[in-house]
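# Coordinate inspection notes
The primary structure of each chain is shown beneath.
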Amino acid sequence: MSIYDYTVPTPGGEEFSLSELKGKVFLVVNTATGCGFTPHYEPLEKMYEEYHDQGFDIIDVPCNQFAGQTPGTDEEIHEFCTLKYNTKFPQYKKSDVNGENELPLYTYLKSQKGFEGFGKGPAALAMSVMLKKIDKDYKNNPNIKWNFTKFLVDRNGEVVARFEPTEKMEKVEKAVKDLL
C-alpha cells in the first residue's frame, strides 16, 4: 500500500482520500489546542499560506491522547484554531494516533518513519524525562510520543521525514522548501 490508499475522516463524517494529494508535498500533524506546542499552529499556517500555491498541504489531525490536551469537539477545535491562529488549512476529525483505535494512516506513517529521538535542548530533555515516567521503553517503539509530531511526504508519496514536536519549525520549513 502507499500513502495514497489511506483516508482521513472529516468532522462532517466523510472520508478525505489522500489520493487527492498526489503530486503534492504535505505534512501530517497530530495537533492539540491546549499544549505547550500549540503555538506551532502559527508557523504551520505561515508555511501553508506561503507554499500552498506551490503544491503544499497540511493534514491536521486533532488528537486528545496526550494528557487530554484537545478536549473540545471538532467544531470547538476549529473555532479555536481559526480565531487564535487564523488557520486556513483543513482540520480533520479528532482521532487517535496510537493504540487499537488509531487511524490506519498513522499505522502506516509509523511503519515508514519510527521514533529517532527528541534531539537536544531543554524541550528535548523535558520530553525525555516526562516520557520515561509514562513508558520506560518509549525510545524503542514507533508510537507517536506527543502532540505536534509531523510526517513529511514528498510529491511521490514517500514519507521522507518525521519531526518530533521538539524540532525547530525552521528545520521543518526548510525540509518542505527543499521538496517544493
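In this report, the structure presented in the accompanying data block is examined. (Residues numbered from 1 in each chain as written. Predicted model: local features only at pLDDT ≥ 70, side-chain atom pairs only at ≥ 80, totals over all residues. Heavy atoms only, no water.)

Moving on: the pairing of strand S3 (residues 25-31). Burial runs high along S3: 7 of the 7 residues are buried. Neither face of S3 is exposed, since Val25, Leu27, Val29 and Thr31 on one face and Phe26, Val28 and Asn30 on the opposite face are all buried. Of the pairings in the sheet, the one linking S3 to strand S4 (residues 56-62) comprises 7 bridges and is parallel in character. For Phe26, the partnering residue across the bridge sits in S4 and is Asp57. (Buried < 20%, exposed > 50% of the residue type's maximum accessible area, 1.4 Å probe, protein only. Helix = DSSP H or I, 4+ residues; strand = E, 2+ residues; numbered from the N terminus. Pairing = 2+ DSSP bridges.)

Tallied over the full model, the rule gives 9 salt bridges. Residues Lys46 and Glu173 are paired through a salt bridge, measuring 4.0 Å at the closest nitrogen-oxygen approach. Of the two residues, Lys46 is situated in helix H1 (residues 41-51) and Glu173 in helix H5 (residues 169-179); the sequence distance between them amounts to 127 residues. Linked through salt bridges whose partners overlap, the residues forming this network are Lys46, Glu50 and Glu173. (Salt bridge = Lys/Arg side-chain N within 4 Å of Asp/Glu carboxyl O.)

Pairing is mixed in the open sheet, where 4 strands are placed in the order S4-S3-S5-S6. Looking at the sheet topology across the chains shown, the edges are occupied by S4 and strand S6 (159-163). For this sheet, the mean angle separating the axes of adjacent strands, direction not counted, is 15°. In the packing of H5 onto the sheet, contacts are made with S3, S4, strand S5 (150-153) and S6, and the angle to S5 comes to roughly 15°. (Axes fitted to C-alpha atoms, helices over the stretch in contact; angles between N-to-C directions. Contact = heavy atoms within 4.5 Å.)

Next up on the list: the environment of Asp137. Mapped onto the secondary structure, Asp137 falls in the loop between helix H4 (122-134) and S5. Separated by 2.6 Å, the side chains of Asp137 and Asn140 make a polar contact. (Polar contact = N/O pair within 3.5 Å; in protein donor to acceptor, adjacent residues only side chain to side chain.)

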